[in-house]
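The chain contents come next:
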Amino acid sequence: MKKEQLKREIRQMCKDKNAVILAHYYTDGEVQDIADFVGDSLALAQSAAKTEADIIVMCGVGFMGETCKILCPDKKVIVPDEDAGCSLADSCKAEDLKAFIDEHPGYKVVSYVNTTAAVKALSDVVVTSSNAMKVVETYPKDAKLIFGPDRNLGSYINRMTGREMLLWDGGCHVHGRFSLEGINQLKKEHPEAKVLVHPECPVEIQKVADEIGSTAGLLKFAINDEAQEFIVATESGILHKMQEACKDKTFYPAPPMCGEGEKCPLENVCQYMRMNTLEKLHAALRDEKPEVFVSASLAENALRPIQKMLRTPSPLPLKGQK
Ligand code: 13P
Ligand code: SF4
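The rules we used
- Residues numbered from 1 in each chain as written.
- Chains lettered and ligands numbered in written order.
- Predicted model: local features only at pLDDT ≥ 70, side-chain atom pairs only at ≥ 80, totals over all residues.
- Heavy atoms only, no water.
- Buried < 20%, exposed > 50% of the residue type's maximum accessible area, 1.4 Å probe, protein only.
- Helix = DSSP H or I, 4+ residues; strand = E, 2+ residues; numbered from the N terminus.
- Pairing = 2+ DSSP bridges.
- Right-handed = clockwise from strand over helix to strand, strands pointing away.
- Near = heavy atom within 4 Å.
- Polar contact = N/O pair within 3.5 Å; in protein donor to acceptor, adjacent residues only side chain to side chain.
- Areas by Shrake-Rupley, 256 points an atom, 1.4 Å probe, with all protein chains shown as cover.
- Nonpolar A, V, L, I, M, F, W, Y, C, P; charged D, E, K, R; others polar.
- Axes fitted to C-alpha atoms, helices over the stretch in contact; angles between N-to-C directions.
- Parallel < 35°, antiparallel > 145°, perpendicular 65-115°, else oblique.
- Left-handed = near helix turned anticlockwise from the far one by under 90°.
- Contact = heavy atoms within 4.5 Å.

A. Broad picture of the pairing of strand β7 (residues 145-148). Here β7 shows no split at all, with L145 and F147 on one side and I146 and G148 on the other all buried. Across two bridges, the pairing between β7 and strand β8 (residues 166-167) is parallel. By the bridge assignment for β8, I146 is matched with L166. Traced from β7 through helix α9 (residues 151-161) to β8, the parallel crossover comes out right-handed.

B. Expanded view of the site of ligand 1. Taken together, 15 residues form the shell around ligand 1, and within it H24, S41, S129, H198 and T215 come nearest. Between an oxygen atom of ligand 1 and a side-chain N or O atom of E200, the distance comes to 3.2 Å. For ligand 1, the protein covers 97% of the area, taking 300 Å² as the surface of the free molecule. Counted by class, the shell around ligand 1 contains five nonpolar, eight polar and two charged residues.

C. Local environment of the site of ligand 2. All residues adjacent to ligand 2 are Y26, V61, C86, S87, L88, N114, C172, H173, E200, C270 and M273. Split by residue class, the shell around ligand 2 holds seven nonpolar, three polar and one charged.

D. Summary view of the packing of helix α3 (residues 41-50) against helix α4 (residues 62-71). For the pair α3 and α4, the least separation of the axes is 9 Å and the interaxial angle reads 30 degrees. Between α3 and α4, the crossing angle belongs to the class labelled roughly parallel. Considering how the two elements wind past one another, α3 and α4 form a crossing that is right-handed. Residue-level contacts link S41, L44, A45, A48 and A49 of α3 to M64, T67, C68 and L71 of α4. Taken together, the residues of the contact of α3 with α4 break down into seven nonpolar, two polar and no charged.

E. A look at the environment of A19. Position of A19 relative to the elements: it lies in strand β1 (residues 19-24). What makes A19 buried here is its relative accessible area of 8%. When the C-alpha atoms of A19 and M165 are compared, they prove to be 41 Å apart, with 146 residues separating the residues in sequence.

Honestly, that's just the spatial picture; any functional story needs more than this.
What follows is the structure, given as structure tokens:
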């Protein structure tokens, strides 16, 4: 089927079935363009929590579909591809976290939203990169906290708040592979460009940042800052919205490293996010599957920490750091 017909039918099915399409900034531009709402992890969860649609199509990755279902148990939540996973969520298995918690009695558990429902169910509070700092700061300075699974976001919050949270040693393969050498080279070629960095990136990349923030925070910075050029160290799907919102500004995706100091010819793309294609979105709406299910007991235990995340006021940009 031709793209234009696919798009027409997707929008028609949304109307007929009272369905809403939510898409993360890391999905392909054409998926973002057809969605009813595009946002970062926090905004997507907030949007799911308040939708009146009967069907929610989550164009993102597995944990986002689960979060939607936990927030909206009476709605049908479908995803275009049930194999769209997340390397960061995979880096923290619930049974391993449970053992770690048992080794550290008296600690509260702060979990990033990029986790399975089972990990959320073990947590006291869930955070996203948009509100992590603010949520952590609701605890007394000397509170005993475990933060997981992203070690880079956790160490960033420790540095910014002077805390010593125990950090889970997990990470995202996309944010973990930016090339510092490649960014420095781009800076030489474009000396006026400001460097925008997601806090899931390692500290050496954070150190060259003009702004560190969630995807929504970086987009906001690009819109409001007077700079005309930006080097962007996060998944390159966000460039679609940056370019759309700032027609006269120029955005350069920060280059990835393939390993062993070699420069990679690929863009920094999350292959899981890009599994959300227009064709699969069309099929998912037509067949109303794959549907997301979360067991009642997991959902019950995961709901409270997710609701705490939604109660923390937003937007809460992380502070910029030179
Ligand atoms: P945010 O949407 O919170 O910026 O997180 C980035 C991410 O990696 C989502 O999977
Ligand atoms: Fe997970 Fe990284 Fe992909 Fe985000 S970009 S969904 S953290 S693998």
